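Secondary and tertiary structure notes
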2 protein chains.
Amino acid sequence: MPFHIEYERTVAARRPEGHQPAAPRYSLRWTRPVPTLVSVYFGVQGKSLEWPAEQAFYDLLRQKLDSGSGPESLETMRCHDDAGYTNGILVAYWTDPTRYAKWLIESGFKQWLSAQERLEGEYGYWCEAIVVPYDRHETIYSGPEYRIGFSRTADSVIVPITTNGFFGAARDRLPVSAIDPLDSPYGKSPIPRTEPASHGAHLMVLVPHNVTILRSGQYWEGAGQAQLDDYMESLQPKLHRGMSYLANNKPDTGCLSLRIMTNLSEDGTARAETSVLGAFVSLQKLEEWAATHETHLDIYRHAIAMNRLYKEKREVVTWHELFVLMQGNCFEYVNCHPATGMLPYGEVWQSRKE
Amino acid sequence: MPFHIEYERTVAARRPEGHQPAAPRYSLRWTRPVPTLVSVYFGVQGKSLEWPAEQAFYDLLRQKLDSGSGPESLETMRCHDDAGYTNGILVAYWTDPTRYAKWLIESGFKQWLSAQERLEGEYGYWCEAIVVPYDRHETIYSGPEYRIGFSRTADSVIVPITTNGFFGAARDRLPVSAIDPLDSPYGKSPIPRTEPASHGAHLMVLVPHNVTILRSGQYWEGAGQAQLDDYMESLQPKLHRGMSYLANNKPDTGCLSLRIMTNLSEDGTARAETSVLGAFVSLQKLEEWAATHETHLDIYRHAIAMNRLYKEKREVVTWHELFVLMQGNCFEYVNCHPATGMLPYGEVWQSRKE
């Protein structure tokens, strides 16, 4: 049996009595114990970010990450943010927090990030390390074959589930939700927004407790014409509409940060794969949008309909991995614009000048 | 059945085959799920700390802590540190991280700690918040009656155990040790020591991953003359000898910080109760000292002998609570001397001046 954590419930499940999902879905497990999950998003940011600079960043990181304590998998992606900057992003996955801590000590990455030169040029750099106990994560995949995100780490298996197809299913899949309502410590209030003076500074933000981060992905490489057309003409526009709504209604939706990212090939060209990295005040705010707003219902219904239509012949893969953060996740921003990632939300510290 | 977490072992237990403990021992459980434990040590520090200043600190904190999101229990203690400073300490216990996060938002404590006045006077202030998943803690009590530390929180129960009386028992009692060796990310190397310019500064230290913090307590109030004499003449001197050895051999023993604290009455006088708060590079370093050094073996053997002699009539209570920290524990120091607590160990950030 793969490793998993289950608690005797004190918080009721959302699953309706006798529920049978309309479409098959899958989750990630590991065949060894994985008490902690680490996904680190490394970014380079520029008003105009040319490929040589972006590539140099990836090359440097790949070299630092290529060590015994390095990650088990990595991907490169690109995102144009709301402030008009381009961000080159490398995400790296570890399933052992001690190995990640060792990498931080041994790699020299922190020294590189803290060097005076990082503060001076036209580029910004950021590092968002998501470190969560296993019981604060959940995943879902539309099919059992394609590996991406955490499913590229060693000893992972994709297993069928039935905890899907109802609102609240993501919560039910989070082991800790059985014993913790995962409320925002801000209650119904928003997280106060600040605009720290971040250009020319090396800042660190303590991400507030129970902030919920979702990486939601789409993969259509090799899809046949019919499914490709449907994806391009129907699902992708619906997805973009939903993301625009979130991006333009941050205070109402509880959305804090939203990055629409395109996966890159080695040469920096776009692959037939995207993902959206969204941060929300709480799981509850994310659920409210998903359960009630027509922009999400549109995406949801279309994805389900295509799954029912094509069944195991479905060639477009959708998936997500979700994390409910504990207090203590420290995101770093060097010479970035003040609306980068979680920089406007949470307690801000600055690097030390002796 | 009280809440507890157990994993199927992939790391062997230390318990010897067929082991039966020589003396009864007890651990803490809760009758409700407690996925995270929070103990926060608040300190005021002065070269000479008079009672009115110490009392004013406790009064202010008690007022801030007396709220719906406040802690479930608190204690006040005093410690004279190696640098010759006196520290007044209030420790507060929460068993809900969301409630603690809410308290931080609502209480105004952080604003008070960050005020310019804190940087200017003769006193320093510090705040060490230990936030750990349940599976990274363990406790032991010599008897089932006396409540202290986390055992004063709501819905806690003290239950008999048999995971005691062998070297490695503390590790076996830590649920996560079944699937994680809890090694230091520094391997066999020490954690580098720095001396940040801390006077007049508000600094934050990220405590390294797997640093192990132990609060080990002694309570002899109401003990009869025979057991009191034995405690004063035999166990307490052995304890002091052990603590001196650790304090004077920090690099060798992996001890990072050691506070010998006396519990206080309302009027600031000492109670018949002490505890030692020790931070170590890793659980392994703590185990090495405990298993091999004569100063610990002396304490250990004497405590066991007294338990065997007096059995349920033992009037001196010994206990501890132990936490193996994840990365992401942030300790703050305002206008403190540079060797305070964990300040010399770990990545240091400073408060932000706009």
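For clarity, every value in this text was computed on a predicted model and none was experimentally measured.

**With respect to the interface of chain A and chain B**
The partner chain B presents 43 residues to the 43 residues of chain A that form the contact. Across the interface of chain A and chain B, roughly 3,600 Å² is buried in total on both sides, 66% from carbon and sulfur atoms. Summed over the three residues of chain A that lose the most area to chain B, namely Trp349, Gln350 and Arg352 of chain A, the buried surface amounts to 19% of that side. Connecting chain A to chain B are two salt bridges. For Glu347 of chain B, the salt bridge identified is with Lys110 of chain A, shortest N-O distance 3.2 Å. Remark: the boundary between chain A and chain B carries 11 residue pairs in polar contact (both at pLDDT 80 or more). When contributions to the side of chain A that touches chain B are tallied by element, the ones reaching two or more residues are α2 (97-107), β8 (202-206), β13 (330-334) and β14 (347-351) of chain A. Here the side of chain A that touches chain B gets six residues from one element, more than from any other, and that element is α2 of chain A. Where β14 of chain A lies against strand β14 (residues 347-351) of chain B, three bridges are found, and the strand directions are antiparallel. Paired with Trp349 of chain A across the bridge in β14 of chain B is Ser351 of chain B.

**Thoughts on the pattern of salt bridges**
All chains considered together, the criterion is met by 42 salt bridges over all chains. Note that Arg78 of chain A is salt-bridged to Glu54 of chain A, the shortest N-O span being 2.9 Å. One end of the pair, Arg78 of chain A, is in strand β3 (residues 73-80); the other, Glu54 of chain A, is in helix α1 (residues 51-65), with 24 residues separating them in the sequence. Judged by relative accessible area, Glu54 of chain A falls into the buried class, the value being 1%. Note that Glu294 of chain B is salt-bridged to Arg241 of chain B, the shortest N-O span being 2.8 Å.

**Side note on the packing of aromatic side chains**
Here a ring pair, both rings aromatic, is described through the centre-centre distance and the interplanar angle of the planes. All names here are of chain A. Applying the stated criterion across every chain, the model contains 42 aromatic pairs over all chains. Measuring from ring centre to ring centre gives 6.1 Å for Tyr141 and Trp319, while their planes differ by 5 degrees; the resulting arrangement is stacked. Here the residue Tyr141 occupies a position in strand β6 (residues 137-141), and Trp319 occupies one in strand β12 (residues 317-324), the gap between them amounting to 178 residues. Joined through ring pairs, the aromatic side chains of Phe42, Trp51, Phe57, Tyr58, Trp94, Tyr100, Trp103, Phe109, Trp112 and Tyr125 make up one cluster. Lying over the aromatic face of Tyr125, Arg118 brings its terminal NZ or CZ to 5.9 Å of the ring centre.

**Things to note about the packing of helix α8 (residues 283-292) of chain A against helix α9 (residues 294-310) of chain A**
All names here are of chain A. In the contact formed by α8 and α9, the axes pass within 5 Å of each other and the chain directions differ by 70 degrees. Judged on the interaxial angle alone, α9 and α8 are roughly perpendicular. Residues Trp289, Ala290, Ala291 and Thr292 of α8 touch α9, and the partners they reach there are Glu294, Thr295, His296, Leu297 and Ile299. Each residue belonging to the contact of α8 with α9 can be placed in one class, and the counts come to five nonpolar, three polar and one charged.

**Points about unusual backbone geometry**
Residue and element names in this part refer to chain B. A positive phi is found at Asp155, a non-glycine position, where the angle reads about 65 degrees. Checked against the element boundaries, Asp155 lands in the loop between β6 (137-141) and β7 (156-161). The phi angle at Lys311 is positive, at roughly 45 degrees, despite the residue not being glycine. Looking at the secondary structure, you find Lys311 in the loop between α9 (294-310) and β12 (317-324). Looking at Lys311, the relative accessible area reads 56%, which means it is exposed.

**Focus on the relation of the copies chain A and chain B**
Superposing chain A onto chain B takes a rotation of 180 degrees combined with a translation of 0.0 Å along the rotation axis, leaving an RMSD of 0.0 Å. Such a turn and shift between the copies fits a two-fold axis. Among all residues of chain A, the one whose C-alpha sits closest to the rotation axis is Gly328 of chain A, at a distance of 2.0 Å. When you check the interface residues of chain A against chain B, 100% turn up at the interface there too, and the contact is symmetric in its surfaces.

**Observations regarding helix α1 (residues 51-65) of chain B**
Residues and elements named next belong to chain B. Taking 1.5 Å as the rise per residue, α1 with 15 residues should run 21 Å; its terminal C-alpha atoms sit 20 Å apart, in good agreement. Residues Glu54, Phe57, Tyr58, Leu61, Lys64 and Leu65 constitute the buried set of α1. Buried residues of α1, viewed axially, fall in a sector of 130 degrees; they line one side. The exposed set on the far side of α1, more than 90 degrees from its buried face, consists of Pro52 and Gln63.

**Quick word on the side chain of Ser184 of chain B**
In this fold, Ser184 of chain B is placed in the loop between α5 (169-173) and β8 (202-206). Using a relative accessible area of 8% as the deciding quantity, one classes Ser184 of chain B as buried. A distance of 3.0 Å separates a polar side-chain atom of Ser184 of chain B from the backbone nitrogen of Tyr186 of chain B. Dropping the residues within four chain positions of it, Ser184 of chain B is found in contact with Thr98 of chain A together with Val281 and Ser282 of chain B.

**Digging into the pairing of strand β2 (residues 36-46) of chain A**
Residues and elements named next belong to chain A. In terms of burial, β2 is largely enclosed, as 11 of its 11 residues are buried. Residues of β2 alternate between two faces, with Thr36, Val38, Val40, Phe42, Val44 and Gly46 on one and Leu37, Ser39, Tyr41, Gly43 and Gln45 on the opposite face, all of them buried. Pairing between β2 and strand β5 (residues 124-133): 10 bridges, direction antiparallel. Paired with Phe42 across the bridge in β5 is Cys127. Two elements, β2 and strand β4 (residues 86-94), share nine bridges in a ladder whose sense is antiparallel.

**Concerning the packing of helix α6 (residues 225-248) of chain B against α9 of chain B**
Residues and elements named next belong to chain B. Between α6 and α9, whose axes approach to 8 Å, the crossing angle comes to 160 degrees. The orientation of α6 with respect to α9, classified from their angle, is roughly antiparallel. In the packing of α6 onto α9, the handedness of the crossing is left-handed. Contact residues: α6 offers Ala226, Gln227, Asp230, Ser234, Leu235, Lys238, Leu239, Arg241, Gly242 and Tyr245, while α9 offers Glu294, Thr295, Asp298, Ile299, His302, Ala303, Met306 and Tyr310. Classifying every residue of the contact of α6 with α9 gives eight nonpolar, five polar and five charged.

The rules behind the values
Residues numbered from 1 in each chain as written. Chains lettered and ligands numbered in written order. Predicted model: local features only at pLDDT ≥ 70, side-chain atom pairs only at ≥ 80, totals over all residues. Heavy atoms only, no water. Contact = heavy atoms within 4.5 Å. Buried area = accessible area lost by both parts, 1.4 Å probe. Salt bridge = Lys/Arg side-chain N within 4 Å of Asp/Glu carboxyl O. Polar contact = N/O pair within 3.5 Å; in protein donor to acceptor, adjacent residues only side chain to side chain. Helix = DSSP H or I, 4+ residues; strand = E, 2+ residues; numbered from the N terminus. Pairing = 2+ DSSP bridges. Buried < 20%, exposed > 50% of the residue type's maximum accessible area, 1.4 Å probe, protein only. Phe/Tyr/Trp six-rings, centres within 6.5 Å; stacked < 30°, edge-to-face > 60°. Lys NZ or Arg CZ within 6 Å of the ring centre and 35° of its normal. Axes fitted to C-alpha atoms, helices over the stretch in contact; angles between N-to-C directions. Parallel < 35°, antiparallel > 145°, perpendicular 65-115°, else oblique. Nonpolar A, V, L, I, M, F, W, Y, C, P; charged D, E, K, R; others polar. Least-squares fit on C-alpha atoms with pLDDT ≥ 70 in both. Expected span 1.5 Å × (residues − 1). Arc of directions from axis to C-beta. Left-handed = near helix turned anticlockwise from the far one by under 90°.

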